[in-house]
Amino acid sequence: MVIDLAAKPIDLEHLITTKTAECEGIEPWGEHFARVTAVRVLSIEPLAKGKNKRVVVESGGGAKHVVVCGAPNLRTNMIAAWVPPGTMLGDKQIGIATIEGVESEGMLASGGELGLNRDHTGLLDLDATPGEGLPGLAPDWIIEIDNKSLTHRPDLWGHYGMAREVAVIAAGKLIDPVKPGNLPQGAPKLSVEIEDYALCARYSALVLDNVTVRPSPLWLQARLQSIGINPINNVVDVTNYILAELPQPMHAFDADRLRGGTIFVRPATDNETINALNGETYRLTPEDLVIADGGGAIAIAGVIGGAESAISETTTRIVLESANFHASKVRSTSVRFKLRTDASIRFEKSLDPENTVRGLARAMELLELVSPGVRAVGGVADNRAPSKPPEPIDLPVSFVTRKLGKDLSNTRIRAILESLGFGVQQTSPGNLMVEVPSWRATKDVSLKDDLVEEVGRIVGYGEIAPAAPLLPVVAPPANPMRTYLRQVRAQLSAQGLTEIYNYSFVNEAQLQRFGMSVEDHLKVANPIASELTHMRKSLLPGVFDNIVSNTRHLRDFRFFEIGREIQGNGGGSLPREETHVVGVIYGMHADEQDFFELKRVTECLLPGARLSPAAAKAYEHPVRTAEIEWRGRVVGRLFELHPLLLQEAGIEGRASVFDVNLDSTQALADRPVKYKAIRRYPTSGFDLSVVTELHQTVGVIQDKLASLAGEDLVCIEFVRQYAGAPLEEGQKSVSFRLEVGAADHTLTNEEFGEIRGRIIERMQAQGYELRV
């Protein structure tokens, strides 16, 4: 395409970024082509050492130069590319060098060295006049666009679409490279059948013969190489050129390798296979769309062609495919096969169905240049879904000015939209009816708000004075869970835990490690990675991987994750999501005190929480495992990871873990809080040590003491426990601090003694030995 443009290329960077898409930079390309010259090889003289030769070349007008060269295809009278001294080739300046005693003026270059292709095996063999530049090659500019800013603009994935934008923002004139008159008329020589128009909106094809497959001319190779596409041959290069230009992905089949006279576009059959152009064999499912002939699949639609129908040096007849496939269907297939191609990336953006025949017309013009004598056999086979133009959009001018905060005339708004290709009619004063062009109607422009954005970006947001919107200020609705999660994060961070984030996906190996059933987990139909195949029902598998990775660098650490677990496998009802928090304390030389440290952290998060013994799960320590009870409900678990689980992962030390259901705790935290007056009178305290069995839980003893103290008890705290001499084997001593008092007076010595004695007497009556 051509843009009649007055602006300098270097000035476009700011314009493109502010009005179209993020421009990452503009840089010159091929500056050396201003100096590289075609030369004729006059003589070749082998040098004494190695493969190098003394070469005399003539660069026109009788000027001769001596160059040392060792290329294997060097021969007399060939026309080669000479890089004269002083030329910058990449980041290297070519000079005069002495090689094996011969002064070499510059160098003779391969296509790879000149950046035309990837061929470094030999010199360019040119069809050019000595003394002139390389045919079709001249310095140019490359504009680098961030493709993440083009996701919603399929038209900008081609140079023609970007040229349209540049013509508008830089006041240039756009010249359409497509000449529809190039398309042949008449009945097509093959037929096209589309099984489901929802998967393929249009399929156009054209048969060509008298094709000569050979390397592309230098200008075409250079254009493709400059944008990162490797030149293959003239036919493939033309299809890739059009893919980058319009953008319309195309494919060429060897017509003599097709079976039958019909092209079928259909879902693959179960377990159908195809040998692809990349040398891989793919096993297909009915979820994949294929192009097929009478014998089977010949291409995976929108992704890659098949090897059996590929063109080769002996090809003389081709079928050109130019189609429009369903975006999400191409995306799902390419992701499942981990096969992202230039074609699939563009089809995923929802391309314009009107572009298929334009692609064929452009291909005819280019093939006549790169394969002289090529001719069409019959007309275009064009099968498409019934379609209707998008509904016009009613656009009040007042709506545009109110949304943008800038007064714009009907004339200016209309001129901007028409320059972008929109059809505009004024239906009444102050009201426009806008027709959306086909290349902007594929999930891009459908609302009048979209049109406001178009006008605003061309006007330039820098011309719009910033002002706060005149809207009523309304407080957002309360979100108790969000507030609660912030409190949880703040509390755990205050206890020295670092927050981590994991994906909501797990794989079968992770589930098997924790003894979890794969069948109970919801399988992801289109996973973002091969190792992320199922939705997690627990945060633990991901957290365990974090433990493993952190132990490589740290001797001890503590962290937590807040995330959602997907409960239910989708059978019969939608899965439900539960919000959990998992906290971890790890130490390479840890002991059971880490378990109690994590218990303390849990009590900071859930004041008054109690632990009760629980049967250990496969991944939990058989003894150090407990349920967390809070306000009368079991809300989670506190445990050490099973030593074998750590050993299998090559981890030394201990890891204590809590897992709390935050949906449950948030509901319990919302209970109303009752006011209790501050105690006006002092309390009295005393210590009691209870001798009991070694495996008796501290909580049970504490509950008994609290019950016996009754209303006189102000608070009770665990102090310590001891096992060893002089206690008998299998016994331990558990010490508590009790504070007692009365609400209306200070306890007398007699009252204090009566309370203490009552507790001791009743504990002894229940069979406990007390050390006082």
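On a predicted model such as this, the values are computed, not experimentally measured, just so you know.

1. Describing the environment of Leu360
Okay, so step 1: Summarising the element assignment, Leu360 is placed in helix H7 (residues 355–370).
Okay, so step 2: Distance from Leu360 to Val380, taken between C-alpha atoms, is 8.5 Å for residues 20 residues apart in sequence.
Okay, so step 3: Other than its neighbours up to four places away in sequence, Leu360 contacts Leu183, Ser204, Ala205, Leu206, Met250, Leu320, Ser322 and Val380.

2. What to know about the environment of Cys200
Okay, so step 1: Here Cys200 is to be found in strand E15 (residues 200–209).
Okay, so step 2: Considering only alpha carbons, one finds Cys200 and Ile26, 174 residues apart in sequence, at a separation of 37 Å.
Okay, so step 3: Aside from chain neighbours lying at most four places away, what touches Cys200 is Ile194, Val265, Leu289, Asn324 and Phe325.

3. Concerning unusual backbone geometry
Okay, so step 1: Geometrically, the link from Leu246 to Pro247 is a cis peptide bond, its omega value of -10° lying close to zero.
Okay, so step 2: Look at the link from Ala725 to Pro726: it is a cis peptide, with omega at 10°.
Okay, so step 3: Its place among the elements puts Pro726 in the loop between strand E38 (713–722) and strand E39 (731–740).
Okay, so step 4: Despite not being glycine, Asn77 shows a phi value in the positive range, around 70°.
Okay, so step 5: Along the polypeptide, Asn77 turns up in the loop between strand E5 (64–69) and strand E6 (79–83).
Okay, so step 6: A residue is classified by how much of its surface remains accessible, and Asn77, at 52% relative accessible area, is exposed.
Okay, so step 7: The phi dihedral of Lys338 falls on the positive side, at around 55°, and the residue is not glycine.
Okay, so step 8: As for its position among the elements, Lys338 is in the loop between helix H5 (327–336) and helix H6 (342–347).

4. A short note on the pattern of salt bridges
Okay, so step 1: Across all of its chains, the model carries 47 salt bridges by this definition.
Okay, so step 2: For Arg564, the salt bridge is made with Glu577, and the minimal N-O distance between the two is 3.0 Å. One end of the pair, Arg564, is in strand E31 (residues 556–567); the other, Glu577, is in strand E32 (residues 576–587), with 13 residues separating them in the sequence.
Okay, so step 3: Since its relative accessible area comes to 46%, Glu577 is described here as partly exposed.
Okay, so step 4: The closest approach of N and O atoms between Glu640 and Arg624, which form a salt bridge, is 3.0 Å. Of the two residues, Glu640 sits in strand E35 (residues 633–641) while Arg624 sits in strand E34 (residues 620–630), which places them 16 residues apart along the sequence.
Okay, so step 5: One salt-bridge network, in which partners are shared between bridges, spans Arg153, Asp155, Glu165, Arg440, Asp444, Glu454 and Arg457.

5. A few points about the packing of aromatic side chains
Okay, so step 1: Scanning the model with the defined rule gives 13 aromatic pairs in all.
Okay, so step 2: Seen in terms of ring centroids, Tyr619 and Phe639 are 5.9 Å apart; in terms of plane orientation they differ by 65°. Their pairing is edge-to-face. In this pair, Tyr619 sits in the loop between strand E33 (610–613) and E34 while Phe639 sits in strand E35, placing the two residues 20 residues apart along the sequence. Neither residue differs from the other here; Tyr619 and Phe639 are each classed as buried.
Okay, so step 3: Linked through ring pairs, Phe514, Phe544, Tyr619 and Phe639 together constitute an aromatic cluster.

6. Concerning the layout of surface pockets
Okay, so step 1: Counted as a void, the largest pocket has a volume near 1700 Å³.
Okay, so step 2: In this structure, the largest pocket is lined by 44 residues; those nearest its centre are Trp141, Ile142, Ile143, His159 and Ile227.
Okay, so step 3: Going through the elements one at a time, strand E1 (2–4), strand E2 (23–29), strand E12 (140–145), helix H2 (159–169), helix H3 (218–226), helix H4 (234–245) and H6 are the ones with two or more residues in the lining of the largest pocket.
Okay, so step 4: For the lining of the largest pocket, the leading source of residues is E12, giving six residues.
Okay, so step 5: Taken together, the residues that form the lining of the largest pocket break down as 29 nonpolar, six polar and nine charged.
Okay, so step 6: The calculated volume of the second largest pocket comes to roughly 1400 Å³.
Okay, so step 7: If you trace the second largest pocket, you find 34 residues lining it, with Phe595, Phe596, Lys599, Thr697 and Val698 closest to the centre.

7. Regarding the pairing of strand E37 (residues 684–693)
Every regular strand shows the same layout, with side chains that alternate between the two sheet faces.
Okay, so step 1: Pairing geometry for E37 and E39, over ten bridges, is antiparallel. Within E39, the residue paired with Ser684 across the bridge is Val740.
Okay, so step 2: Sheet topology note: the E37/strand E40 (residues 769–771) ladder contains three bridges and is antiparallel. Along E40, the bridge assignment pairs Val690 with Leu770.

8. Observations regarding the packing of helix H11 (residues 480–494) against helix H16 (residues 662–669)
Two measures define how a pair of helices packs: the angle their axes make with one another and the distance between the axes.
Okay, so step 1: At a closest axis distance of 11 Å, the pairing of H11 and H16 adopts a crossing angle of 100°. Considering their axes alone, H11 and H16 lie roughly perpendicular with respect to each other. In this structure, H11 contributes Pro480, Met481, Tyr484, Leu485 and Val488 to the contact, and H16 contributes Leu662, Asp663, Thr665, Gln666 and Ala669.
Okay, so step 2: Residues that form the contact of H11 with H16 fall into these classes: seven nonpolar, two polar and one charged.

9. Concerning the side chain of Lys19
Okay, so step 1: Within the secondary structure, Lys19 sits in helix H1 (residues 12–19).
Okay, so step 2: The side chain of Lys19 is buried and forms no salt bridge, while Glu463, the nearest opposite charge, is found at 5.6 Å.
Okay, so step 3: The residues touching Lys19, leaving out its near neighbours within four places in the chain, are Glu165, Ile169, Arg457, Ile458, Val459 and Gly460.

10. Quick word on the sheet that holds strand E28 (residues 498–499)
Okay, so step 1: The mixed open sheet is built from seven strands, whose spatial order is E28-E31-E32-E36-E35-E34-E33. The two strands at the open ends of the sheet, each matched to only one other strand, are E28 and E33.
Okay, so step 2: Where E35 and strand E36 (residues 654–661) come together, five bridges link them in antiparallel fashion. Bridge pairing in E36 places Glu640 opposite Ser656.

11. Notes on the side chain of Lys732
Okay, so step 1: Among the structural elements, Lys732 can be located in strand E39.
Okay, so step 2: The charged side chain of Lys732 is buried without a salt bridge, its nearest counter-charge being Glu693 at 9.3 Å.
Okay, so step 3: When residues no more than four places from it in sequence are discounted, the contact partners of Lys732 are Val690, Val691, Thr692, Glu693, Leu694, Gln696, Val698, Gln721, Tyr722, Ala723 and Leu727.

12. Brief notes about the sheet that holds E38
Okay, so step 1: Pairing within the open sheet is antiparallel, and its four strands lie in the order E38-E39-E37-E40. In the strand order of this sheet, the two ends are held by E38 and E40, each with one partner. Within this sheet the neighbouring strands show an average axis-to-axis angle of 30°, counted without direction.
Okay, so step 2: Running at roughly 5° to E37, helix H18 (residues 749–765) makes contact with E37, E39 and E40 of the sheet.

Analysis parameters
Chains are numbered independently. Their residues run from 1 in the order of the written sequence. Only residues with pLDDT of at least 70 get local features here, since the model is predicted, and only at 80 or more are side-chain atom pairs given and counted; chain-wide, interface and lining totals rely on the full set of residues. Computation of side-chain values covers all heavy atoms of the structure but excludes hydrogens and water. Elements are defined by DSSP. Helices are runs of H or I of four residues or more, strands are runs of E of two residues or more, and each kind is numbered from the N terminus. Residues are treated as being in contact if the distance between any of their heavy atoms lies within 4.5 Å. Any residue under 20% of the maximum accessible area for its type is buried, any over 50% is exposed, and the rest in between are partly exposed; the area is computed with a 1.4 Å probe on protein chains only. Throughout this description, the term salt bridge denotes a Lys or Arg side-chain nitrogen within 4 Å of a carboxyl oxygen of Asp or Glu. Any Phe, Tyr or Trp ring, taking Trp's six-membered ring, that has another such ring centre within 6.5 Å forms a pair; planes under 30 degrees apart are called stacked, those over 60 apart edge-to-face, and the others tilted. Using protein atoms alone on a 1 Å grid, points that fit a 1.4 Å probe yet trap it form a cavity, whereas open point sets bounded by protein on both sides within 12 Å along at least five of seven lines form a pocket; residues with an atom within 4 Å of a point count as lining. Grid points are joined across faces, edges and corners, and a volume is the space filled by probe spheres set on the points. Throughout, the ten residues Ala, Val, Leu, Ile, Met, Phe, Trp, Tyr, Cys and Pro are labelled nonpolar, Asp, Glu, Lys and Arg are labelled charged, and all others, Gly among them, are labelled polar. Two strands are counted as paired when DSSP detects at least two bridges linking them. Structural elements are reduced to axes, namely lines fitted to C-alpha atoms, with helices fitted over the stretch in contact, and the angle between N-to-C directions of any two is expressed from 0 to 180 degrees. For classification purposes, angles smaller than 35 degrees are called roughly parallel, those larger than 145 roughly antiparallel, those between 65 and 115 roughly perpendicular, and all remaining angles oblique. A residue counts as positive if it is Lys or Arg and as negative if it is Asp or Glu; His and the chain ends are not included.

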